[in-house]
Amino acid sequence: IWIFHGFSAEQDLVGNLASMSTSERIKAIQKMPATMKKKREIRNKVLKEIKKSRHHSARLSCGQRLQGTAVSFRRFGNSLSEYFHLLQFWHRALKIIGAKFGTSVLSYFIFLKWLLTFNIFSFLINFSFITVPQFLVAEPNNLSFTGLELFTGAGYFQQTVLYYGFYTNATITKIKNGPSYNMQLAYIFTVGLYFVICFLILLFSMAKSFCRNFINLQSYAGSASKLLCAWDFNITNEKAVKLKQKNLSTQIKEDLTEVNREVVNFSVKERAVRIVIHLASWISSLGTAVAACAGVYFLSLNNLKLFVKGHKNDLESQAAMLVLPIVASLLNAFVPFFYSWLGHLERYQTPGHQVYVTIARNIILKISIVGILCYYWVNIVATSQSQCWETLVGQDIYRLVLVNFLFCLLGSFFGEFLRRIIGTTFCVSLGLPKFDIGRNVLDLIYVQTLIWIGILFSPLLPGIQTIAFSIVFYVKKVSLIMNCQPPRKVWKTAQMTTSFMFLLFFPSFVGVLSVIGVTVWRLKPSEGCGPFRGLPSMYAAVSEWIKILENHTPSKWVVWIYYNLITRALFFFILSVPALIIAYLYWKIIQGRKTTIKLLHKQIIN
Amino acid sequence: MGNKQTIFTPEQLDAYQDCTFFTRKEILRLFYRYRDLAPQLVPLDYTRKPAVTLPYELIGSMPELKDNPFRQRIAEVFSEDGDGNMTLDDFLDMFSVLSEMAPRDLKAYYAFKIYDFNNDDYICKSDLEKTVNKLTRNELTPEEVNLVCEKVIYEADVDNDGKLSLEDFQHMIIRAPDFL
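In the annotation of an unreviewed UniProt entry, chain B is listed under the name CIB3 protein and assigned to Pedionomus torquatus.

By the naming in an unreviewed UniProt entry, chain A goes by Transmembrane channel-like protein and is assigned to Pedionomus torquatus. The record held by UniProt for chain A lists under Sequence similarities (unreviewed entry) the comment "Belongs to the TMC family." Under Subcellular location (unreviewed entry), UniProt gives the following word-for-word description of chain A: "Membrane".

Structure (C-alpha cells):
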C-alpha cells in the first residue's frame, strides 16, 4: 500500500511540475532535495507529460517544432548567461580570499566591489551626458603641464573637464537649427538623477539585508545556532580550519563559564569607579574629535588665504596646498589607535561591546571631520572672493581623495608588511597581524562620502576613484595573503554587513544629500565659470526652464506638475500621511503575527 | 553555441543543467576535475552512461575537501551507496548543493543529513557529541561536550522529544543569518 502511496505522490509532483512555466519548473527541480538520478527521472517524466499534453491539445507538427525552438532558445539563453558571468570581475580572487580567511574578511572585499560598481555607474553617466558634449565645445587650454598637478589637482587641470569651472553654460548646437543640448539642464538633471538612483539602490539593498539578517534574532541567538551554524564551509585552508576549530572551542568554553558564573555583582564603589572611567574615556574621545575638527578648520582657513592671494605656481605654495589633506589623513589614521587604547583601558565586560564602542567613536571622528570640511566649503569658500569657488572645492576634494589613497597604500605597507616582519623576526610573541575589518570599512565609507560630495564639483572624480579602488583591492588582497592571519575574534558577518550598509546610507548618503541640497538651493554660483554662471542659484536653471516651457503649449502638463506638485509643500505633506498610516498598519500586523507564533509554539510543545 | 565536445550528448548536458545549478562550462570543468582524480578509471566518453565509481579516498583528497572536518560525512551523504564512493552524478550533486547558488533550505536539508551520523533522520545526543568533537578537534573535555549538547537540545527542540528533527533544525537555521 505504501508503494502505491509513494507512486501517487510522485504523480502529483510530476503533474504540478508539468503545469508550471519552464523557468519555474527548472528552479523547482534544481531545488529538490533528491539525488541526481531521481531528479533526472522526474525531469524526464515531466517532459514526457508535457509532450503528451501538447500532443493532445495542439497540432502535432506545430507542437514539436515549438518544442524544438524552445529547447534551442534555452540553450542560447544559457550560453548568454555564461558570458554574463565573465562580467563579474574578481570572482576568482574573492573565492580565494573567502577560502583562506573566511567570510568575515570576504565581506570587506565584497563591500569594496559594491562601492566600485557605484563609482563606475556614476562615471559612465557623467561622462556620457556631461563630459562628451563639453568636448564638442571645449576651449583651448593655455596652461602648462608640470608633473605636480597629479598631486595638487591645480594648475593645468583647472582648465580641463575635470572640474566644474570648465563646463560651458551655453546651449550646444552643432548643426544650425538642429537639435540643441542645454548644458545647464543636463548638468543638474544628470547629477540629480544619479543621486535618486543611488538612493533607491541603497534603500532597497539595506531593506533586503535588514529583512534577512535582523528579523527574529532576539529569541534564538543561543548557543544552539552558534554551534550548528557556525561552521564556515567556505574555508579550505588547513591553517584556517585549525584556527576556526580553536575559536569555536574557546568560544564554547567561554559560554559555559559564563553560564556558571552568572552576573558578577559589583559593589557600589566599584560600579562608581567604572562609571567614572567610562565617562572619562568618552569625554576624552569626544574631546579628541573636537580638537581634530578645530585643527582641520583653522588649517583650511589658512588654505583659503593661499588661493585668494593669487596663484603663485612655485613649489612652496603647491606643497602648502597639500598640508590640509595630509593632516586630515594623519588624523584619520592615528586617532583610531588612541581609541583602541582607550577601549583596552576601560575593560568592558564583553569583547563585542568594546568593538562596537571603538567603531562608534571612529564613526563620530570621521563624521565630524567631514562635517567641518563641508561647513568650511559651504560657508566660507562659497562666499569668498575667489574666482571660481566650485573649482576650488573640487580641487580640495581631489587632493583629499588622492592623499587618502596614498595613506591607504602606506597603511597597508606599514600596518601589515612591516608588522609581519617585526612579528616574525624581532618580537615573535606578537605574531602575524590581523586584518582590521572595521577600520578598513569605515575608511571606504569615508572616501565614498567625499566622492559623493565631489560629484557636483568635479564630475570625473568617480572615474579616478574607480582606478584607486581597483589598485586598493589588489594591494589589500596581496597584503592580506602574504602578511595576515585569519581573524581570531568571532565577527557576526551578516549583522555587521547590514550595519555597514546602514552607515553608508544614513550618515553618509543622507549627509551628502543635505550638503548638495544646500549647495543647489542656497549658494550663488560663481560669476565667471561653470554651467550656472550668472544665475542666482543652481536651481534657478530649472525654474527658468519651466518659465520658458510655459509659453510652449504641448508641454503645459510639465509646467502644471512642477507648479502644483513639486513646489507645493502641501503635496508632500499629503503624500506622507498615507505612508505613515501604511507603516502603522504593517507594524500592527507584525505584532499580531508575533502573538500567533507564540501561541502556536505553546501548542507544539503541548 | 556548439562546442564540439564529445563527452556528453546534448540531452545529457541539458539534463545536468536542469538538475544542478551549474552552466555547461562549469559542468564540463567539474567533469575534468572528477577525471583528474583517476584518469585511468574515468573514460572520456559518457554518452553510453558508464557505471564508474571513484573510491572515497580519492574524493577526500580533493583540495576543497581535504581539510574539512566533515569530509567523510559529506561524501557519505552524497554518495549512492552511502559509503563515500561517488559516481559522476553524485559528484555533480555534491558540488551543486555546496555551491553559492544553492538556496539556504536545500543546504539546511543536507547539513541536517551531514550532522546525522547514525542516519536515523534525527540528530540525537550522540550525533551532537560527534559533531562537537569534530568542530573543536577534541579540545573540550567530555563534561563540557555533554553540557553543550544538553544546552543545544534544550534550546532547539521544539516538539520536546529529546532529539532534533529536520523541522527543528530548519526552524533554527532560518533565524541564523550566518549559516553558509
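Still more to cover.
Trainee: Residue-level account of the overall build of chain B, with values.
Mentor: Regarding its fold elements, chain B presents 9 helices and 0 strands. Counting from the amino terminus, helix and strand elements in chain B follow one another as α-α-α-α-α-α-α-α-α. Dimensions along the principal axes, computed over C-alpha positions, put chain B at roughly 60 × 30 × 25 Å. Within chain B, counting contacts between residues at least 6 apart in sequence, those at least 24 apart form 52% of the total. Accessible area of chain B: about 8,300 Å², with a carbon and sulfur share of 51%. Computed over 21 positive and 34 negative side-chain charges, the inter-centroid distance for chain B is 7 Å.

Trainee: How would you summarise the domain arrangement of chain B if you had to cite specific residues and measurements?
Mentor: A common way to report how large an interface is uses the accessible area buried once the components associate. Residue and element names in this part refer to chain B. Examined at the domain level, chain B breaks down into domain 1 (10-98) and domain 2 (104-179). Using C-alpha coordinates to define each centre, domain 1 is positioned 27 Å away from domain 2. At the interface, 10 residues of domain 1 touch 12 residues of domain 2. Together, the buried faces of domain 1 and domain 2 total about 1,000 Å²; carbon and sulfur atoms form 73% of this surface. Linking domain 1 with domain 2 are 0 salt bridges. The interface formed by domain 1 and domain 2 includes 4 residue pairs in polar contact (both at pLDDT 80 or more). Breaking the side of domain 1 that touches domain 2 down by element, the ones donating at least two residues are helix 4 (71-78) and helix 5 (88-98). Of the residues assigned to the side of domain 1 that touches domain 2, the class counts are 8 nonpolar, no polar and 2 charged.

Trainee: Requested: an account of the environment of S384 of chain A, with residues and values cited.
Mentor: By the secondary structure assignment, S384 of chain A is in the loop between helix 14 (351-381) and helix 15 (389-426). The sequence separation of S384 of chain A and K305 of chain A amounts to 79 residues, and the corresponding C-alpha distance is 9.8 Å.

Trainee: Please set out the packing of aromatic side chains residue by residue, giving values where relevant.
Mentor: The relative placement of two aromatic rings is captured by the distance of their centres and the angle of their planes. Taken as a whole and assessed by the stated rule, the structure comprises 49 aromatic pairs over all chains. With a centroid separation of 6.4 Å and 50 degrees between ring planes, the pair formed by F111 of chain A and F500 of chain A is classed as tilted. Of this pair, F111 of chain A sits in helix 6 (residues 103-136) while F500 of chain A sits in helix 18 (residues 493-522), placing them 389 residues apart in sequence. For the residue pair F111 of chain A and F500 of chain A, the accessibility class agrees, reading buried in each case. Centre to centre, the rings of F31 of chain B and Y32 of chain B are 5.7 Å apart; their planes meet at 65 degrees, and the pair counts as edge-to-face. Judged by relative accessible area, which is 42%, Y32 of chain B ranks as partly exposed. Seen from the ring of F117 of chain B, R73 of chain B lies directly overhead, with NZ or CZ sitting 5.5 Å from the centre. One cation-aromatic arrangement involves K163 of chain B over Y122 of chain B; the distance from NZ or CZ to the ring centre is 4.2 Å.

Calculation criteria
- Residues numbered from 1 in each chain as written.
- Chains lettered and ligands numbered in written order.
- Predicted model: local features only at pLDDT ≥ 70, side-chain atom pairs only at ≥ 80, totals over all residues.
- Heavy atoms only, no water.
- UniProt positions renumbered as here; feature names shortened; annotations may be inferred.
- Helix = DSSP H or I, 4+ residues; strand = E, 2+ residues; numbered from the N terminus.
- Contact = heavy atoms within 4.5 Å.
- Areas by Shrake-Rupley, 256 points an atom, 1.4 Å probe, with all protein chains shown as cover.
- Lys, Arg positive; Asp, Glu negative; His and termini not counted.
- Charge placed at Lys NZ, Arg CZ, Asp CG, Glu CD.
- Domains from an automatic or database assignment.
- Buried area = accessible area lost by both parts, 1.4 Å probe.
- Salt bridge = Lys/Arg side-chain N within 4 Å of Asp/Glu carboxyl O.
- Polar contact = N/O pair within 3.5 Å; in protein donor to acceptor, adjacent residues only side chain to side chain.
- Nonpolar A, V, L, I, M, F, W, Y, C, P; charged D, E, K, R; others polar.
- Phe/Tyr/Trp six-rings, centres within 6.5 Å; stacked < 30°, edge-to-face > 60°.
- Buried < 20%, exposed > 50% of the residue type's maximum accessible area, 1.4 Å probe, protein only.
- Lys NZ or Arg CZ within 6 Å of the ring centre and 35° of its normal.

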